[in-house]
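Spelled out from the first residue to the last, the chains are:
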Amino acid sequence: MNIYVGNLSYRMDDGELREVFEAYGEVSSARIINDRETGRSKGFGFVEMPDDNAANEAIEALNGKEVGGRNLRVNEARPREPRPPRGDFNRF
């Protein structure tokens, strides 16, 4: 299951995010999203857990929990919606 994790501390790194979720089961990947231009954290990330039961347990336990001085927002990630084309390329 792919899990969205929001309201992360800007100082948290991928390894720390993984550790938080490993308390509930196996973690396939943990990734904090960074701004392309500055390289700084955007304050959210995604965790992939292969066992849905463990993932649901982690969501239940961690949603609203304080980690790094911030209350996490944790839920099942929704599929990414397609983005509209960028620029004026389609204006003919």
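Residues numbered from 1 in each chain as written. Predicted model: local features only at pLDDT ≥ 70, side-chain atom pairs only at ≥ 80, totals over all residues. Heavy atoms only, no water.

1. Here's the deal with the overall build of the protein
Looking only at helices and strands, the protein features two helices and six strands. In terms of overall size, the protein is more extended than a compact globule, its C-alpha atoms giving a radius of gyration of 15 Å where 92 residues would be expected to give roughly 12 Å. The dimensions of the protein, computed from C-alpha atoms along their principal axes, are 55 × 30 × 20 Å. Taking all 92 residues of the protein together, the buried fraction comes to 29%. When contacts within the protein are restricted to residue pairs at least 6 apart in sequence, those whose partners lie at least 24 apart make up 57%. About 6900 Å² of surface is accessible on the protein, with carbon and sulfur atoms providing 42% of the total. Looking at the protein, you have 14 positive and 17 negative side-chain charges, and the mean spots of the two groups are 11 Å apart. (Helix = DSSP H or I, 4+ residues; strand = E, 2+ residues; numbered from the N terminus. Rg over C-alpha atoms; globule rule 2.2 N^0.38 Å. Buried < 20%, exposed > 50% of the residue type's maximum accessible area, 1.4 Å probe, protein only. Contact = heavy atoms within 4.5 Å. Areas by Shrake-Rupley, 256 points an atom, 1.4 Å probe, with all protein chains shown as cover. Lys, Arg positive; Asp, Glu negative; His and termini not counted. Charge placed at Lys NZ, Arg CZ, Asp CG, Glu CD.)

2. A few points about the pattern of salt bridges
For the coordinates displayed, the defined rule picks out one salt bridge. Of the charged contacts, one joins Arg18 and Glu22 as a salt bridge, the two residues approaching to 3.8 Å between their closest N and O atoms. Of this pair, Arg18 and Glu22 both sit in helix α1 (residues 14-22), four residues apart, which is roughly one turn of that helix. Relative accessible area serves as the criterion here: at 27%, Arg18 is assigned to the partly exposed category. (Salt bridge = Lys/Arg side-chain N within 4 Å of Asp/Glu carboxyl O.)

3. Let's talk about helix α2 (residues 52-62)
Think of an α-helix as 3.6 residues a turn; residues three or four steps apart then line up on the same face. Among the residues making up α2, those that are buried are Ala54, Ala55, Ala58, Ile59 and Leu62. Down the axis of α2, the smallest arc covering the buried residues is 140°, so these residues share one side. Opposite the buried face of α2, by more than 90 degrees, sit the exposed residues Asn53 and Glu60. Those residues of α2 that are buried lie in contact with β1 (2-6), α1 and β6 (73-76). The residue sitting at the N-terminus of α2 and contributing the capping side-chain oxygen is Asp51; that oxygen lies 2.9 Å from the backbone nitrogen of Asn53. (Arc of directions from axis to C-beta. Polar contact = N/O pair within 3.5 Å; in protein donor to acceptor, adjacent residues only side chain to side chain.)

4. A word on unusual backbone geometry
Of note in this structure, Asn7 is not a glycine but carries a positive phi near 65°. Structurally, Asn7 can be placed in the loop between β1 and α1.

5. Topic: a positive patch on the surface
Together, Arg31, Arg36, Lys42, Arg80, Arg83 and Arg86 make up a positively charged patch on the protein surface. Among the secondary structure elements, Arg31 is positioned in strand β2 (residues 29-34). (Patch = residues over 30% accessible without salt bridge, like charges linked within 9 Å, V, L, I, M, F, W, Y side chains within 5 Å.)

Geometric descriptors of this kind do not, in isolation, establish any biological role.
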